[in-house]
Amino acid sequence: MTPMTEDAVEQDAVDRIVAQWHRELPDLELESMALYGRIHRISQKLGSRLHELRSRQGLGRNEFDVLASIRRSGEPFTLSPKEIGATLMLSSGGLTGRLDKLEAAGFIERLPDPADRRGLKVRMTERGGEVIEEAVRTGVDLQLETLAVLTDEERTQLGALLRKLHLGFEDQPFGD
């Protein structure tokens with residue numbers, strides 16, 4: 001690697017990909033490709049590391065999301081399946097398998113809904129609370145470690161810009 005001057009910016013894999021596309025399609029504006037390429041790569045790499053951490057805690061991404069929604073709801077850490085599904089934008093069929101796994105692991109329990117004889121409530125167990133708290137704490141630690149290359153000012157600026165970008169299409173559904 002050659003030494004860099006003060007004005008030079010270190011190139012990353014996205015720069016190399018964009019340079020190749022620029023060579024092949026010189027008339028195409030590629031700044032958006034570079035921005036989204038970096039967002040995607042950062043998300044994939046961090047997501048992979050988070051998945052690895054959560055797997056060690058006995059949680060897949062889907063199970064993490066369910067437990068996190070129950071934990072965020074506050075005491076008594078109990079929600080109806082409909083409330084969980086609405087938070088995660090899931091159908092009841094999509095939620096059932098996740099609840100089955102969490103129940104088998106001892107992280108949640110299904111209880112009759114005292115207000116509706118036909119309904120159920122999903123309550124996080126003490127063990128589930130311990131696991132989700134550890135998962136959230138280790139996840140935040142990893143995120144902070146990843147962001148350590150930025151100054152406080154850069155993190156604030158990046159957060160504001162990403163929020164603005166996200167608000168531009170926040171109402172659009174997630175694709176799988």
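Here the structure is a predicted model, which is why all the values come from computation and not from measurement.

**Describing the environment of Gly97**
Argument step 1. Along the polypeptide, Gly97 turns up in helix 5 (residues 92-104).
Argument step 2. Considered as a pair, Gly97 and Asn62 are 35 residues apart in the sequence and their alpha carbons are 9.7 Å apart.

**Topic: the UniProt feature "domain: HTH marR-type" (unreviewed entry) in the chain**
Argument step 1. Residues annotated in UniProt with the feature "domain: HTH marR-type" (unreviewed entry) correspond here to residues 32-167.
Argument step 2. Each end of residues 32-167 is marked by a C-alpha atom, and these two atoms are 17 Å apart; helix forms 71% of the span and strand 12%.

**Topic: the sheet that holds strand 2 (residues 108-113)**
Argument step 1. Pairing within the open sheet is antiparallel, and its three strands lie in the order 1-3-2. Sheet topology places strand 1 (78-79) and strand 2 at the edges, where each strand pairs with a single neighbour.
Argument step 2. Direction of pairing for strand 2 relative to strand 3 (residues 116-124): antiparallel, over a ladder of six bridges. Within strand 3, the position partnered with Asp113 by the bridge is Asp116.

Conventions and cut-offs
- Residues numbered from 1 in each chain as written.
- Predicted model: local features only at pLDDT ≥ 70, side-chain atom pairs only at ≥ 80, totals over all residues.
- Heavy atoms only, no water.
- Helix = DSSP H or I, 4+ residues; strand = E, 2+ residues; numbered from the N terminus.
- UniProt positions renumbered as here; feature names shortened; annotations may be inferred.
- Pairing = 2+ DSSP bridges.

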